[in-house]
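So the chains spell out like this:
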Amino acid sequence: MNFSELEKSIGECQKCSLCQTRKHTVVGKGNPAAKLMFVGEAPGEQEDLQGLPFVGAAGKLLDQYLIACDISMEDVYICNILKCRPPHNRDPLPEEEDACMEHLRNQVRLIRPKIIVCLGRIAAKRMIDADFRITANHGRWYNKGAFRMMAVYHPSALLRDPAKREDMLRDMMEIKRLLETV
Ligand code: URA
């Protein structure tokens, strides 16, 4: 599968009922040859309208961390577990995640990142460990096959709780440190 085939299969996907309410599918943004891949939860309202991930308030905050850690958009590829917006931004249902995982697997195969960073609990539970505890285990490296993986707080959680921002900066700086070595 190549990138345009991936985009076509996501654009035409009807594997779950979110296809009935989406305005756009949201595949990803950034450099498809990046060594660092961020995986969030699901598109929100702005993402659904624009067809791009992390373009709303949470995305603007994520951009600030990337700038602060001297990570450029050329260094990263950003996507989500779900490619369609859940109504009213509710949490993804397990069956929606199940239906969407094939798209993410294809995406990882195409991008072949060295480092995968989960943005928040939902992505970490799906990609690192079903019992993942974000408060206890953010910022730790996990080896998963060919990948180094970490979970950090979701930027939306940082908007709700600014006390977490110091930890986020530390974790992002650790990601930058490893990125320089891979
Ligand atoms: N939150 C996410 O998890 N993903 C987005 O693309 C936007 C907000």
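Quick note: structure is the one above.
The rules behind these values
- Position labels on residues start from 1 in each chain and follow its written sequence.
- Confidence filtering applies because this is a predicted model: local features only for residues at pLDDT of at least 70, side-chain atom pairs given and counted only at 80 or more, and all residues used for totals across whole chains, interfaces and linings.
- The side-chain numbers reported here are obtained from all heavy atoms of the structure, hydrogens and water having been left aside.
- One heavy atom within 4 Å of a molecule or strand makes the whole residue count as near it.
- Contacts described as polar in this section are N or O atom pairs within 3.5 Å, which, within protein, must combine one atom able to donate a hydrogen with one able to accept it, while residues neighboring in sequence count only if both atoms come from side chains.
- With residues, only the protein chains shown are counted as cover, and all accessible areas are computed by Shrake-Rupley using a 1.4 Å probe.
- Inter-axis angles, ranging from 0 to 180 degrees, are taken between N-to-C directions of lines fitted to C-alpha atoms, where helices are fitted over the stretch in contact.
- The helix count covers DSSP runs of H or I at least four residues long, the strand count covers runs of E at least two residues long, and both are numbered beginning at the N terminus.
- To sort the angles, those under 35 degrees are grouped as roughly parallel, those over 145 as roughly antiparallel, those from 65 to 115 as roughly perpendicular, and the leftovers as oblique.
- Crossing handedness is defined as follows: a turn of the near helix away from the far one that is anticlockwise and smaller than a right angle gives a left-handed crossing, while the clockwise case is right-handed.
- Residue contacts are counted whenever heavy atoms from the two residues lie within 4.5 Å of one another.
- Centres within 6.5 Å make a pair out of two Phe, Tyr or Trp rings, where for Trp the six-membered ring is used; the pair is then stacked when the planes are under 30 degrees apart, edge-to-face when over 60, and tilted otherwise.
- Any Lys NZ or Arg CZ that is within 6 Å of a ring centre and within 35 degrees of that ring's normal is treated as a charge sitting over the ring.
- We count a salt bridge whenever a side-chain nitrogen from Lys or Arg sits within 4 Å of a carboxyl oxygen from Asp or Glu.
- Burial status follows relative accessibility: with a 1.4 Å probe on protein chains alone, a residue under 20% of its type maximum counts as buried, one over 50% as exposed, and anything between as partly exposed.
- By definition here, a helix of n residues has an expected span of 1.5 Å times n minus one.
- To get the bend at a residue, fit one axis to the 7 residues ending there and another to the 7 starting there, then take the angle between the axes.
- Two strands qualify as a pair provided DSSP detects at least 2 bridges between them.

Caption draft 1: Representation of the site of the ligand within the structure. Taken together, Gly40, Glu41, Ala42, Glu47, Pro53, Phe54, Asn80 and His154 make up all the residues around the ligand. Here Ala42 contributes a backbone N or O atom positioned 3.0 Å from a nitrogen atom of the ligand. Within the complex, the protein chains bury 91% of what would otherwise be the 240 Å² of accessible surface of the ligand.

Caption draft 2: Quick look at the packing of helix H3 (residues 57-68) against helix H8 (residues 165-179). Here H3 crosses H8 at 50°, and the two axes come no closer than 10 Å. Considering their axes alone, H3 and H8 lie oblique with respect to each other. Crossing hand, H3 versus H8: right-handed. Across the interface between the two elements, Leu61, Leu62, Tyr65, Leu66 and Ala68 of H3 pack against Arg165, Met168, Leu169 and Met172 of H8.

Caption draft 3: Spotlight on the packing of aromatic side chains. Tallied over the full model, the rule gives two aromatic pairs. In this structure, Lys164 packs its charged tip against the face of Tyr153, placed 5.3 Å from the ring centre.

Caption draft 4: Molecular detail of the pattern of salt bridges. Inspection of every chain in the model, using the stated rule, returns eleven salt bridges. Two residues, Lys176 and Glu180, come together in a salt bridge whose shortest N-O distance is 3.4 Å. Judged by its relative accessible area of 16%, Lys176 is buried. The structure contains a network of salt bridges with shared partners spanning Glu97, Asp98 and Arg126.

Caption draft 5: Inspection of helix H4 (residues 94-111) at higher detail. In this model H4 runs 25 Å from its N-terminal to its C-terminal C-alpha over 18 residues, within 8% of the 26 Å that 1.5 Å per residue would give. Remark: the principal bend of H4, roughly 40°, maps to Cys100. For H4, the secondary structure elements touched by its buried residues are helix H1 (3-11), strand S2 (36-40), strand S3 (76-80), strand S4 (115-119), helix H5 (121-127) and strand S6 (147-152). Within two residues after H4, Arg112 carries a phi angle of roughly 50°, on the positive side.

Caption draft 6: How the structure looks around the sheet that holds S6. The strand order across the open sheet built from six strands is S1-S3-S2-S4-S6-S5, with neighbouring strands paired in mixed fashion. A strand with exactly one partner marks an edge of an open sheet, and here the two such strands are strand S1 (29-30) and strand S5 (142-144). In this sheet, S3 lies alongside S2 in parallel orientation, the contact comprising five bridges. When the sheet's bridge partners are listed, Phe38 is paired in S3 with Ile78. Helix-sheet contacts for H8 involve S2, S4 and S6, and the interaxial angle to S6 is about 165°.

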